[in-house]
Amino acid sequence: MTFQYQRLAEQLAHKIYHHELQPQQKLSSLREFARQQEISLSTAQQCYELLEAKGLIYVKAKSGYFVSSRQYQSPAPDSPQFESMPRQVSNLDLQNQIQTASIQSHLTPLGAIQLSPHLIPVDGLRRSLQRALKHCQPEDFLYCNKQGHHVLRQALADHWREDGIYIAAEDIFITNGCLPAISLLIQQMSKEGDSILIPTPTFNGQLQMLASLKRKIIEIPADHQGIDLERLEHFMQQGSAKLCLLTANYQNPLGYCLSNQQKQRIAELAQQYQCFIIEDDIYAECSFQNERPLPIRYWDQQGYVVWCASVSKSLSSAYRVGWFCLGQQLEFLRPQLLANNVGVNTPLQLGLADFIYSRGYREHLDQLRPKLMQQVEQYRACILETFQGIPIALSQSQGGYALWMQLPDTITGLDLYYLAQAKGINIVPGEVFGEDQRYRHFIRLNAGHAFTQEIRQAIQQLADWVKQSLDSSSA
């Protein structure tokens, strides 16, 4: 359960992290803050004390509360300009190599984007699985409906309704994760050689999947503020692609969250040009605020947006349960989708449904969000401290836990990747997030694991190598 003072502290922390409240800015007095928020004086004091304990604000005798200075700042990473055109994904071998390395448990986990076990409600999940097995019906031990168990589909529909998202249970298809859902849809909605519109840089796992499916890509520029909607519309209007794969909420690796106006515009473009959107919304529940951002699907009036996600980023990467939600324009594909969908473990589906209905999942999200915000900021502060004096740029996430880092022009992410591997550290080089080596001076880091001394030492080793490399080149 999240208390009111914690929610208020989270809101103020978000404003501090995103520079809406500036260092040394004076905050409202306790009495004034209590009056503004219509809360008791003791609740206001608890809120400020929590922020003070996190080092975000400080009290000055006889003067009041002030925002603490943040010693290290960083510009946003660059967004290279390029010409968009249909093309093959060219670096599949490197993609495969890095994907294999990213899940090696003996390496310091700065590679694959996944939550630390200490953030996973293991006991609650265990209890839900036990209850689900106890109350199983005889038919639950037979083959499950390939669309997914009706109990889980209804549980998800009820869960989303609390966030203002209305999806009928009969439109939900349960899959073995989000990427398998996307792969199934692309195979049914396009054919080999077709082009898919994607923002760039984009999640390397999606590029790896598209290459294996023999689909071409048309890259649309993206930066920390979002997607180039003018170029997206140009290619939709041109008819170069009838399918677009994108993430609107806390995109990997950039971390942006599109505004409601941008999401609505994309939904309108999809309808206007009859270009289907596959929306990968896997990070939306990893917001740093209490409210979950709405998906593009929310503004879809004609059924051109297929909404996909899973619990792998918000709950556990080992919990292989995902879904997609079919719109009316694709209802004719239902038989093919059912025929080709791989059935999901029934006890696992029922366990997740129990976790949702018992309020365990909602309580987990309420506790996860402020922890994630604080943890990601710890990573950022450490990176900016250890790389002090080196010209880098670092993303400022609005949610999720991927960090996108730009290195000096003489340092390549691939060189740093191989060095890190040799030292027992896993990172992901920027080359696998787009074509033409345009992100060769970038890396992506995972901030999902607890910020430990091991993590600090690993980041320090990366910084030391970059410094040595710069010194050698200047000498």
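Structure: above.
Our subject in this report is the structure included herewith. (Residues numbered from 1 in each chain as written. Predicted model: local features only at pLDDT ≥ 70, side-chain atom pairs only at ≥ 80, totals over all residues. Heavy atoms only, no water.)

1. Description of the packing of aromatic side chains
- As enumerated under the stated definition, the model contains 16 aromatic pairs in all.
- Geometrically, the ring pair formed by Y283 and Y401 is edge-to-face, given 6.3 Å between the ring centres and 80° between the ring planes. On the criterion of sequence distance, the pair formed by Y283 in the loop between β9 (276-280) and β10 (305-310) and Y401 in the loop between β12 (393-394) and β13 (402-406) is long-range, its members being 118 residues apart.
- Put simply, the rings of W404, F433, Y439 and F442 touch in pairs and so form one group of aromatic residues.
- Between the NZ or CZ atom of K60 and the centre of the ring of F66, over which it lies, the distance is 4.5 Å.
- The side chain of R231 reaches across the aromatic face of F82, ending 5.7 Å from its centre. (Phe/Tyr/Trp six-rings, centres within 6.5 Å; stacked < 30°, edge-to-face > 60°. Helix = DSSP H or I, 4+ residues; strand = E, 2+ residues; numbered from the N terminus. Lys NZ or Arg CZ within 6 Å of the ring centre and 35° of its normal.)

2. What about helix α8 (residues 204-212)?
- Of all nine residues that make up α8, eight are buried, and the element is covered over most of its length.
- Listing the buried residues of α8 in full gives N204, G205, Q206, L207, Q208, M209, L210 and A211. (Buried < 20%, exposed > 50% of the residue type's maximum accessible area, 1.4 Å probe, protein only.)

3. Some words on the pattern of salt bridges
- A complete count under the given rule lists 18 salt bridges for this structure.
- Among the ionic pairs, D354 bridges to R131, the shortest N-O distance being 2.7 Å. Of the two residues, D354 is situated in helix α12 (residues 346-357) and R131 in helix α5 (residues 122-134); the sequence distance between them amounts to 223 residues.
- R265 is paired through a salt bridge with E233; the nearest N and O atoms lie 3.4 Å apart. One end of the pair, R265, is in helix α10 (residues 260-273); the other, E233, is in helix α9 (residues 229-238), with 32 residues separating them in the sequence.
- A relative accessible area of 31% means that R265 is categorised as partly exposed.
- Because the salt bridges share partners, they merge into one network encompassing R87, E219, D436 and R438. (Salt bridge = Lys/Arg side-chain N within 4 Å of Asp/Glu carboxyl O.)

4. Quick word on the layout of surface pockets
- Of the voids in this model, the largest pocket is the one considered here, and its volume is about 630 Å³.
- What lines the largest pocket is a set of 31 residues, and nearest its centre among them are Q99, I113, L179, F203 and K313.
- Mapped by element, the contributors of at least two residues to the lining of the largest pocket are α4 (92-101), α7 (178-189), α8 and β8 (243-246).
- Looking at the lining of the largest pocket residue by residue, the class counts come to 13 nonpolar, 14 polar and four charged. (1 Å grid on protein atoms, 1.4 Å probe; cavity = no way out; pocket = protein on both sides within 12 Å on 5 of 7 lines; lining within 4 Å. Points joined across faces, edges and corners; volume = space filled by probe spheres on them. Nonpolar A, V, L, I, M, F, W, Y, C, P; charged D, E, K, R; others polar.)

5. Section: helix α1 (residues 4-17)
- An ideal rise of 1.5 Å per residue puts 20 Å on 14 residues; α1 measures up with 20 Å between its terminal C-alpha atoms.
- For α1, every residue scored as buried is listed here: L8, A9, E10, L12, A13, H14, I16 and Y17.
- Looking at the packing, one finds that the buried side of α1 touches α2 (30-37), α3 (41-53), β1 (57-60), β2 (64-67) and α13 (360-386).
- In the stretch just after α1, H19 is the one whose phi turns positive, near 65°. (Expected span 1.5 Å × (residues − 1). Contact = heavy atoms within 4.5 Å.)

As far as function goes, none of this settles anything; it's purely spatial.
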